[in-house]
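Fold and contact review
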Amino acid sequence: MGVCTSSTAQCLPRQSPIDIQTRRAKYDSSLKPLFIQYDPNTSKRIINVGHCFNVEFDDSSDRSVLSEGPLTSHYRLRQFHFHWGTSDRDGSEHVIDGQTYPAELHIVHWNSQRYSSFEEATKHSDGLAVIGVLLKIGEPNPVLQNIIDNLDKVKTKNKESPFEKFNLSNLLPKERTYWTYLGSLTTSPYSECVTWVLLQEAITISSEQLQHFRGLQNEDEEFILENHRPLQPIEKRLVKSSCK
Ligand SMILES: NS(=O)(=O)c1ccc(C(=O)NCc2ccccc2F)cc1
Ligand SMILES: [Zn+2]
């Protein structure tokens, strides 16, 4: 990928996802532990958005927030969703030392300290913070099963169903060490507004559980068999690590 010089083709220097080459990641002792506070009373509904399903939260106040870590503001929880592939061999968006994972969880937060809405925040370089968690095939995940049991209610695009009292913290791995870099949304409009925080510990999902994700249908009532974006060039970016 040459240097973006042409004025015609857009120069997009901070696109996501990328391959995280762990040996090139730089330990940064100024990175703090993540502060994660999710109030189960803010979970609202699950909705099929056509290319995936979102679990949406009430983001009208700072009751569920992410702060510290690499961040200099507090970020309000808005939704989480997953990316997956046609087989268990790939499906994650980020790749670790060339290794793909079967799926990836994205927990989306916006900078409520500096901006007045999610939409406004997506227009700024420090607008969003997304926690990425890799999924690996293993024992069935009882917390994920709670979500999967509701997928039959949101089979087709725009279908939604109440999804309350969900404790998102229970979905996270015990270890919260992370890699972090500046990137973008991985779906249109690909806004370059995301501070990515990728947890270094994966969570498990069974092959049977993952198969349920592929049973969702898009607007043409075809199965959503995959929804992960290809890798993007790292350009001049550095990935930082919270641990040695
Ligand atoms: N896969 S990800 O990088 O985590 C990701 C997170 C959120 C969105 C989103 O909200 N899009 C709609 C949208 C975008 C911009 C402005 C308003 C919107 F509703 C897209 C991708
Ligand atoms: Zn995503």
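Residues numbered from 1 in each chain as written. Chains lettered and ligands numbered in written order. Predicted model: local features only at pLDDT ≥ 70, side-chain atom pairs only at ≥ 80, totals over all residues. Heavy atoms only, no water.

Observations concerning the overall build of the chain
From N to C terminus, the chain includes three helices and 15 strands. Taking 244 residues into account, the globule formula puts the C-alpha radius of gyration at 18 Å, and the chain, at 17 Å, falls close to it. If one aligns the C-alpha atoms of the chain with their principal axes, the spans along those axes are about 45 × 40 × 35 Å. Every one of the 244 residues in the chain was classed for burial, and the buried ones make up 52%. Here the analysis covers contacts within the chain between residues at least 6 apart in sequence; of these, 72% occur between residues at least 24 apart. For the chain, the exposed area adds up to about 11,800 Å²; of that, 49% sits on carbon and sulfur atoms. Within the chain, the 31 negative side-chain charges are centred at a point lying 5 Å from the centre of the 27 positive side-chain charges. (Helix = DSSP H or I, 4+ residues; strand = E, 2+ residues; numbered from the N terminus. Rg over C-alpha atoms; globule rule 2.2 N^0.38 Å. Buried < 20%, exposed > 50% of the residue type's maximum accessible area, 1.4 Å probe, protein only. Contact = heavy atoms within 4.5 Å. Areas by Shrake-Rupley, 256 points an atom, 1.4 Å probe, with all protein chains shown as cover. Lys, Arg positive; Asp, Glu negative; His and termini not counted. Charge placed at Lys NZ, Arg CZ, Asp CG, Glu CD.)

Overview of the site of ligand 1
Taken together, 14 residues lie near ligand 1, and H83, F118, L185, T186 and T187 sit nearest. Note that a nitrogen atom of ligand 1 is positioned 3.3 Å from one of the side-chain N or O atoms of H81. For ligand 1, whose unbound accessible area comes to 490 Å², protein coverage reaches 78%. Where the shell around ligand 1 is concerned, the elements lending two or more residues are strand 7 (75-84) and strand 9 (103-111). Here the shell around ligand 1 gets three residues from one element, more than from any other, and that element is strand 7. A breakdown of the residues in the shell around ligand 1 according to their chemical character gives six nonpolar, eight polar and no charged. (Near = heavy atom within 4 Å. Polar contact = N/O pair within 3.5 Å; in protein donor to acceptor, adjacent residues only side chain to side chain. Nonpolar A, V, L, I, M, F, W, Y, C, P; charged D, E, K, R; others polar.)

Section: the confidence of the model for the chain
When pLDDT drops low, the exact placement of atoms in the prediction is not to be read closely. Overall, the predicted model of the chain reaches an average pLDDT of 96, with 96% of residues at or above 70. Two numbers describe this predicted complex: its pTM, 0.97, and its ipTM, 0.97. (pLDDT = per-residue confidence, 0-100.)

Things to note about the pattern of salt bridges
Pairs can form between side chains of opposite charge once their charged atoms are near each other. Within this structure, the stated rule accounts for twelve salt bridges. Measuring nitrogen to oxygen at the nearest pair gives 3.8 Å for the salt bridge that ties D28 to K240. With D28 in the loop between strand 2 (26-27) and strand 3 (34-37) and K240 in strand 15 (residues 240-241), this pair connects stretches of sequence that are 212 residues apart. What makes K240 partly exposed here is its relative accessible area of 36%. Here the salt bridges share partners, and the residues they tie into one network are R45, E56 and E160. (Salt bridge = Lys/Arg side-chain N within 4 Å of Asp/Glu carboxyl O.)

A look at the environment of S184
Among the structural elements, S184 can be located in the loop between strand 12 (178-183) and strand 13 (194-199). A C-alpha to C-alpha distance of 9.9 Å links S184 and A129, two positions 55 residues apart in sequence.

What to know about the coordination of the zinc ion (ligand 2)
Taken together, the protein donors to the zinc ion (ligand 2) comprise H81 (NE2), H83 (NE2) and H106 (ND1), at separations of 2.0 Å. Given four donor atoms and angles of 99 to 117 degrees at the metal, the environment of the zinc ion (ligand 2) is assigned as tetrahedral. Of note, the zinc ion (ligand 2) draws all its donor residues from one chain, in the sequence arrangement H-x1-H-x22-H. Of the two residues, H81 is situated in strand 7 and H106 in strand 9; the sequence distance between them amounts to 25 residues. (Donors = N, O, S within 2.8 Å, 3.2 Å for Na, K, Ca; no water. Tetrahedral: all angles 85-135°; square planar, octahedral: opposite > 155°, others 65-115°.)

Topic: the side chain of S67
Here S67 shows up in strand 6 (residues 65-68). Leave out the neighbours within four places in its chain, and S67 touches L34, F35, S73 and H74.

Notes on the pairing of strand 12
When you tally the buried positions in strand 12, you get five out of six residues, the bulk of the element. Examined bridge by bridge, strand 12 and strand 13 share six bridges and lie antiparallel to one another. What sits directly across from T180, in strand 13, is V197. Of the pairings in the sheet, the one linking strand 12 to strand 15 comprises two bridges and is antiparallel in character. Bridge assignment links W179 to a residue of strand 15, and that residue is S241. (Pairing = 2+ DSSP bridges.)

What to know about the packing of aromatic side chains
Following the criterion strictly, the structure yields nine aromatic pairs and no others. With a centroid separation of 5.2 Å and 40 degrees between ring planes, the pair formed by F163 and F166 is classed as tilted. F166 carries the same exposure label as F163, and that label is buried. Among the aromatic side chains, those forming a connected cluster through ring pairs are F53, F57, F80, F82, W84, F163, F166 and F213. (Phe/Tyr/Trp six-rings, centres within 6.5 Å; stacked < 30°, edge-to-face > 60°.)

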